[in-house]
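Here is what each chain is made of, one letter per residue.
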Amino acid sequence: QVQLVESGGGLVQAGGSLSLSCVASGRTLSTLSVGWFRQAPGKEREFVAFIKWSGSSTGYADSVKGRFTISRDNAKNTVFLQMNSLKFEDTAVYYCAADGNPLSVRLYSTSVYDYWGQGTQVTVSS
């Protein structure tokens, strides 16, 4: 099975930047599509970004497009989420998720993913 561990969360002022990491083990990252999701208190878990297993396709929620960038380093089994121009409404627990089906299309949906990390807290102040 696949284990995912997120890191890099913390407290940052509005307008600042933060970079999250998701390290996968148990399976080579190159075979996995990876998504980032977030959940704020009292809110449903929502899609943030995805990157397909091939690395040829990425997608972003409209709310983060132009501010967040998802990338991967397969040699390190790591997916990153670079978050710039952070807003208060970006405050949430951020989760990475992995999907081992190369035919998956709806990578913006939580239902596609088989594996989830424990989450890392991102808090944007001011």
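Structure shown above.
Each chain has its residues counted from 1, running along the sequence as written. This being a predicted model, a pLDDT of at least 70 is required before a residue's local features are given, and a value of 80 or more before pairs of side-chain atoms are given or counted; all residues contribute to the totals for chains, interfaces and linings. Calculated side-chain values reflect all of the structure's heavy atoms, with hydrogen atoms and water omitted.

Helices and strands together make up the secondary structure of the protein chain, namely zero helices and eleven strands. In this description a helix means any DSSP run of H or I spanning at least four residues, a strand means any run of E spanning at least two, and both kinds are numbered starting from the N terminus. Element order for the protein chain, N to C, with α for helix and β for strand: β-β-β-β-β-β-β-β-β-β-β. Radius of gyration: over C-alpha atoms. The globule rule applied is 2.2 Å multiplied by the number of residues raised to the 0.38 power. For 126 residues, the compact-globule estimate of 2.2 N^0.38 gives 14 Å, and the C-alpha radius of gyration of the protein chain, at 13 Å, lies within 12% of that figure. Each of the three principal axes of the protein chain carries a C-alpha extent, and together these read 40 × 25 × 25 Å. Taken over 126 residues, the protein chain has a buried fraction of 44%. Any pair of residues with heavy atoms lying within 4.5 Å of one another is described as a contacting pair. Relative to all contacts within the protein chain whose residues are 6 or more apart in sequence, the contacts with residues 24 or more apart total 58%. Using a 1.4 Å probe, accessible areas were evaluated by the Shrake-Rupley method; residue-level cover was limited to the displayed protein chains. For the protein chain, the accessible area works out to roughly 6,200 Å², and carbon and sulfur atoms hold 50% of it. Measuring between centres, the 11 positive side-chain charges of the protein chain sit 3 Å from its 9 negative side-chain charges. Only protein chains enter the accessibility calculation, which uses a 1.4 Å probe; a residue is then buried when its area is under 20% of its type maximum, exposed when over 50%, and partly exposed in between. Charge counting follows a simple rule: Lys and Arg are positive, Asp and Glu are negative, and His as well as the terminal groups are ignored. Here the site of a charge means atom NZ of a Lys, CZ of an Arg, CG of an Asp or CD of a Glu.

A few words now on the state of the cysteines. The rule for a disulfide is simple: a pair of cysteine sulfur atoms within 2.5 Å. Applying the stated rule across the entire model yields one disulfide. Sulfur-sulfur distance for the disulfide between Cys22 and Cys96 comes to 2.1 Å. Here the S-S torsion is close to 65 degrees, and the disulfide linking Cys22 with Cys96 is therefore right-handed. Residue Cys22 is found in strand S3 (residues 18–25), and its partner Cys96 is found in strand S9 (residues 92–99); the two are separated by 74 residues along the sequence. Cys96 gets classed as buried once you look at its relative accessible area, which sits at 0%.

Looking now at the pattern of salt bridges. Salt bridges are counted wherever a side-chain nitrogen of Lys or Arg sits within 4 Å of a carboxyl oxygen of Asp or Glu. Evaluation of the coordinates by the stated rule reveals four salt bridges. The salt bridge partner of Glu46 is Arg38, with a shortest N-O separation of 2.7 Å. Taking the relative accessible area as the measure of exposure, Glu46 reaches 35% and is therefore partly exposed. Using a relative accessible area of 5% as the deciding quantity, one classes Arg38 as buried. Among the ionic pairs, Lys65 bridges to Asp62, the shortest N-O distance being 3.4 Å. By relative accessible area, Lys65 is classed as exposed at 51%.

Our focus in this paragraph is the nonpolar core. Working definition of a nonpolar core: buried Ala, Val, Leu, Ile, Met, Phe, Trp, Tyr and Cys residues. They are joined through side-chain atoms within 4.5 Å. With 36 residues, the main nonpolar core has Trp36, Leu81, Met83 and Tyr94 as its most contacted residues. At the level of elements, S3, strand S4 (33–39), strand S5 (46–51), strand S7 (68–73), strand S8 (78–83), S9 and strand S11 (120–125) are the ones that each hand at least two residues to this core.

Moving on, we get to the packing of aromatic side chains. Any pair of Phe, Tyr and Trp rings, taking the six-membered ring for Trp, is counted once the centres come within 6.5 Å. Such a pair is stacked with planes under 30 degrees apart, edge-to-face with planes over 60 apart, and tilted for the rest. According to the stated counting rule, one finds five aromatic pairs in the structure shown. A centroid spacing of 5.8 Å and a plane angle of 70 degrees characterise the contact between Phe37 and Phe47, whose relative ring orientation is edge-to-face. With a gap of ten residues between them, Phe37 in strand S4 and Phe47 in strand S5 connect regions that are remote in the sequence. With relative accessibility at 0%, the residue Phe37 sits in the buried group. The class of Phe47 is buried, set by a relative accessible area of 15%. Taken together, a centroid distance of 6.2 Å and an interplanar angle of 70 degrees make the contact between Tyr113 and Trp116 edge-to-face. Owing to a relative accessible area of 5%, Tyr113 belongs among the buried residues under this scheme. Judged by relative accessible area, which is 28%, Trp116 ranks as partly exposed. Among the aromatic residues, those joined into a ring-pair cluster are Phe37, Phe47, Phe50, Tyr113 and Trp116. The criterion is that NZ of a Lys, or CZ of an Arg, lies within 6 Å of the ring centre and within 35 degrees of the ring normal, and then a charge sits over that ring. The ring of Tyr95 is capped by Arg45, whose NZ or CZ atom sits 3.8 Å from the centre of that ring.

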